[in-house]
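Read off the chains here:
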Amino acid sequence: MKKTSDVLVIGAGVYGTSVAYSFAKRGCSVTLIDASKPGKATAASAGGLWAIGESVGLGCGVIFHNADEVSSTEPEPVPRLFMHLLKASNKMFAELAPELLLQTGMDIEAEVGTGLLYLLYNGRQRRHAQSILDWLGRDQALAEEWDRQRVLAHDPHITDDVLGAVHFPGDNQVNPLFLNEALKRAAINLGARFAGDTHVTDLLMADGKITGVATTQGVFCSGLVINAAGAWAAKLANMIDQDIPLVPVRGQIIGTETLQDKLKSNISTVDCYILQKAHGEVLIGSTTEMVGFDTGVNYEMLTDLARGAIRAIPALERVNIKRTWSGLRPGTPDELPVLGQSPEIANFHYATGGFRTGIVSAPLCGELVVANALGEKPRMSINPFLPRRFNGLPKLKHVKTPRSAIQPDAAPPQSV
Amino acid sequence: MPGGQIHRAPRSPNAPGPDPDGERIRRDLVANRNLIDVRTNTSVWGVFDRKRVCVSDGDASTILTAKQIILAPGAQEYVPPFPGWTLPGVMTAGGAQALLKMTGVAPGRRIVLAGSGPLLLAVAAQMAKLGHQVVSVFQAASRRSWMMLPLRAWQAPQKTLEGMKYFGTLKRTGVKMRYGRMVVSAHGDQRLTGISHAPVDASWRPDLSRTETINADALCISYGLMPRTDLFQIFGCKMRFCEMRGGWHPERDDQLRTSRRDVFAVGDGAGVSGASAAILEGKLAGNAAAHALGACSDACLEGVSRRLGRALRRVHTFGAAINQISYPRAGLLDLVTDDTIVCRCEELMWKEVRTGIEQGGTDFRTLKSATRLGMGPCQAKFCWPSASRQIARLTERAMKEVGPISVRNPIRPISLGALAKKAAVSG
Ligand SMILES: Cc1cc2nc3c(=O)[nH]c(=O)nc-3n(C[C@H](O)[C@H](O)[C@H](O)COP(=O)(O)OP(=O)(O)OC[C@H]3O[C@@H](n4cnc5c(N)ncnc54)[C@H](O)[C@@H]3O)c2cc1C
């Protein structure tokens, strides 16, 4: 049996569902295909919406481990383009949450006012943070330095061993699993078809164009195919001899039992990040490793995360761990998403590369991909994210380097 | 305490009496202390890299490694949800038996047992013998299928005799046996006050138009056991599904080796077949592991395998005959109503999970993300067995296509503090 639709979206992580929903909203017939592999990033994610914290490298502590070692005078070249993308996408949650509630009855638990606190343990970290604050223009809507008293008064769970913190007031959180599911259900409500537990085994070509995909549940035909296969996107592209320098970047997480006590903010430190979800679990993340498609966890690394968490919130010491897991982030060498038309095959488009900020960037990236495919005027230029930028660029080799591949002030973003 | 479920040590003077076999096993272990490092009150909380075994006695952990590993994790009860099953006063028959064995206490004053299989008989007989009031025992399987058992089980006269003894006790003490009927719901406000039961057909579909209701303050449920699969899965052993063996269990060869050369599986955890089989399997796997380490000759292993293999086949045949009668049939899945709780930890009702399945949540990861099914403390061990059967039914797929849960560390609770401490490494 052949199944035909206007658009085929491969992968139902947060990117694929965001794209499918945007297409469905415009009245296109969409089929969303997903195999839900172990390591699916959206299912593993913490759900932080840390637009500013992540842009300046203070969100995911373990990566920037070396906030300690960075010279205190020179701020890192922070990618403004990246920040503008995240900021604009983060803003969209205020409308998206009630919209999805209306469409599906699902509450995606988008919190307001939680904010992110980057804890400062020593003078070097503070100097580093201050250079970042300067770079942000001391704009208190984005970030603000808090002294020790203010930190401890705000949340007494935090260790009194801090000098202070940087507070990012707009960096909240969401339930990434419910976001994913609500986007999917909203698309289905608007007529999209979902083929779950279905594995794409081949991409079908004729005359230099994609005609459909072969799957474990038969052939699906379409005039437009979107590759939203997350960390597996390069594998999918390889099926038609396309190459993109996208690799899986593993992140491990610890999830605790449900706690009655509530943390006031999301917290990040040089060791880890800590955030408490609406259901009461505390998530402690994360590592950043290039280990291929291995979705295991590592004892020593989990131990480090546990230590980092107890250092920040001493009361966590007695809390039980419910589960540990890992997910595979779709990582690109310049840490930017890969969106839009493939340079060689006109009806094959990408929607991937969310890397460590795929949750916060999903609403806008979904819109950009759809606008690009349908020839609409986008909210923001898609050009910097098009896959053609990779011509000649090597793969991501290791992940602790600063984001130097991006020119700090390249491609001024259009206002949203 | 070594001895497992069968040879559990009594904890109270009111308990029904010492268990000589259990005492002997524990004495043997103590006597061989120089050869056997027995660690009580210690659990394996995690396995890393499929070989580093993390154990904890409540404080810091130790990491062990070994050349040959024998896993004997046992089984847990299959508890299919039905309306009212989460009321206080409803428990598993195994739980009630453990309570009785350790403390002598009965779960209520008007006790009903329901489900399928021999455990119901054993527990009912034990209770009745101690003078507790067992109102009725409901067996979903027909009386006819039970009557056929001695024919099929002629190879295990001992076991058949044991069964007859239970039937005798129940008859003497006036316990009503009801065959071909299932408890379809439990009632009560704060706690259990009554139950409803109805006749079922061959696949256990209840005929709710013929429901009857009786008063009860304790309901003990048993629909058989299912292997605890977490250790096998986390060691990466290949799993298979067979309803008659309690569901998911590891693949094994004749010597009880799993898909891994260095990991053996024995007892109910390897596929439910009862206590006698477990003892024989333990011996066989012990010899095979010793052989792999060069501590037992080819000839020795061959002899042992032949002898134990024969005995094992006999008890397995008996186990199969029992399981054939009592394994859970599809009709059990009909008991849930839209507002029946199907995931106890997350208090999810069937309608929420059904919607999740209907919206494409037909695999563990997707359904879990969509609904939080299995995200609580039990990590899906109790809800997935019935949820996955519902998926299989709704999507008309085989259980092996739906798959088992994904198991992640820790498999027993461990605190962040204990993980953060530096572990000792031994072995
Ligand atoms: C531990 C961890 C924590 C994170 N925390 C955050 C955070 O706090 N905030 C944030 O913004 N981001 C976070 N991220 C990043 C974010 O989760 C990812 O960027 C994002 O989820 C990527 O979404 P995706 O849809 O591209 O990929 P995925 O969610 O991985 O989805 C891809 C889907 O495609 C399917 N697929 C692949 N190949 C095939 C095929 N051949 N056939 C069918 N289906 C296929 C996969 O099975 C999968 O379901 C985190 C990531 C990890 C791992």
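Residues numbered from 1 in each chain as written. Chains lettered and ligands numbered in written order. Predicted model: local features only at pLDDT ≥ 70, side-chain atom pairs only at ≥ 80, totals over all residues. Heavy atoms only, no water.

Caption draft 1: Fine view of the interface of chain A and chain B. Counting from both sides, the interface comprises 42 residues of chain A and, opposite them, 41 residues of chain B. Summed over both partners, the interface of chain A with chain B comes to about 3,400 Å²; 51% of that surface belongs to carbon and sulfur atoms. Summed over the three residues of chain A that lose the most area to chain B, namely Tyr-299, Lys-322 and Arg-323 of chain A, the buried surface amounts to 24% of that side. Taken together, chain A and chain B are joined by 3 salt bridges. With a closest N to O distance of 2.6 Å, Glu-281 of chain A and Arg-372 of chain B form a salt bridge. At the junction of chain A and chain B, the tally comes to 19 residue pairs in polar contact (both at pLDDT 80 or more). Every element with two or more residues in the side of chain A that touches chain B is listed here: α7 (176-189), β12 (247-258), β15 (281-285), α9 (299-312) and β16 (320-331) of chain A. Its residues assigned to classes, the side of chain A that touches chain B comprises 18 nonpolar, 11 polar and 13 charged. Note: β16 of chain A against strand β20 (residues 414-415) of chain B, 2 bridges, orientation antiparallel. From the neighbouring strand, Ile-321 of chain A faces β20 of chain B, where its bridge partner is Ile-414 of chain B. (Contact = heavy atoms within 4.5 Å. Buried area = accessible area lost by both parts, 1.4 Å probe. Salt bridge = Lys/Arg side-chain N within 4 Å of Asp/Glu carboxyl O. Polar contact = N/O pair within 3.5 Å; in protein donor to acceptor, adjacent residues only side chain to side chain. Helix = DSSP H or I, 4+ residues; strand = E, 2+ residues; numbered from the N terminus. Nonpolar A, V, L, I, M, F, W, Y, C, P; charged D, E, K, R; others polar. Pairing = 2+ DSSP bridges.)

Caption draft 2: Highlighting the nonpolar core. Membership of the largest hydrophobic core comes to 64 residues, with the highest contact counts inside it found for Leu-119, Leu-136, Phe-168, Ile-254 and Ile-274 of chain A together with Leu-416 of chain B. Top contributing element to this core by residue count: α9 of chain A, with 7 residues. Look past the residues within four positions of Leu-119 of chain A in its chain and what remains in contact with it is Gln-125, Val-151, Ile-158, Val-162, Gly-164, Ala-165, Ile-267, Ser-268, Thr-269 and Ala-312 of chain A. Membership of the second largest hydrophobic core comes to 56 residues, among which are Leu-336, Cys-365, Leu-368 and Phe-385 of chain A. (Core = buried A, V, L, I, M, F, W, Y, C linked by side-chain atoms within 4.5 Å. Buried < 20%, exposed > 50% of the residue type's maximum accessible area, 1.4 Å probe, protein only.)

Caption draft 3: Region of the structure containing the environment of Leu-364 of chain A. Residues and elements named next belong to chain A. Considering the arrangement of structural elements, one finds Leu-364 in helix α10 (residues 358-374). Considered as a pair, Leu-364 and Ala-182 are 182 residues apart in the sequence and their alpha carbons are 16 Å apart. Contact partners of Leu-364, with chain neighbours within four places excluded, come to Leu-85, Ala-88, Ser-89, Met-92, Arg-379 and Met-380.

Caption draft 4: Spotlight on the pairing of strand β7 (residues 111-115) of chain B. Residue and element names in this part refer to chain B. For β7, the buried fraction is high: 5 of the 5 residues fall into the buried class. Alternating positions in β7 separate into two faces, Ile-111, Leu-113 and Gly-115 on one and Val-112 and Ala-114 on the other, with burial throughout. When β7 meets strand β8 (residues 134-139), the two strands line up parallel, connected through 5 bridges. Bridging across to β8, Gly-115 finds its partner in Gln-139. Running through helix α3 (residues 118-129), the crossover from β7 to the neighbouring parallel element β8 is right-handed. Bridging between β7 and strand β13 (residues 218-222) involves 5 bridges; their strand directions are parallel. Counterpart to Ile-111 in the pairing with β13 is Ala-218. (Right-handed = clockwise from strand over helix to strand, strands pointing away.)

Caption draft 5: Inspection of the side chain of Arg-372 of chain B at higher detail. Structurally, the position occupied by Arg-372 of chain B is in the loop between α11 (364-371) and α12 (384-395). At 2.9 Å, the side chain of Arg-372 of chain B and the side chain of Glu-346 of chain B are in polar contact. Residues contacting Arg-372 of chain B, with those up to four places away along its chain left out, are Phe-178, His-279 and Glu-281 of chain A together with Cys-343, Glu-346, Leu-348 and Leu-367 of chain B.

Caption draft 6: Representation of the domain arrangement of chain B. Residue and element names in this part refer to chain B. On domain assignment, one finds that chain B holds domain 1 (72-335) and domain 2 (338-399). Placing a centre on the C-alpha atoms of domain 1 and another on those of domain 2 gives a separation of 24 Å. Between domain 1 and domain 2, the residue contacts involve 16 residues of the former and 12 residues of the latter. With both sides pooled, the region where domain 1 packs onto domain 2 buries about 1,500 Å², and carbon together with sulfur makes up 59% of that total. When residues of domain 1 are sorted by the area they lose upon contact with domain 2, Pro-81, Trp-85 and Leu-333 head the list and together hold 34% of the total. Asp-230 is the salt-bridge partner of Lys-381, the closest N and O atoms lying 3.8 Å from each other. On inspection of domain 1 and its partner domain 2, the count reaches 6 residue pairs in polar contact (both at pLDDT 80 or more). Listing elements by their share of the side of domain 1 that touches domain 2, those giving two or more residues are β5 (75-77) and β16 (247-250). Class assignment for the residues of the side of domain 1 that touches domain 2 results in 9 nonpolar, 3 polar and 4 charged. (Domains from an automatic or database assignment.)

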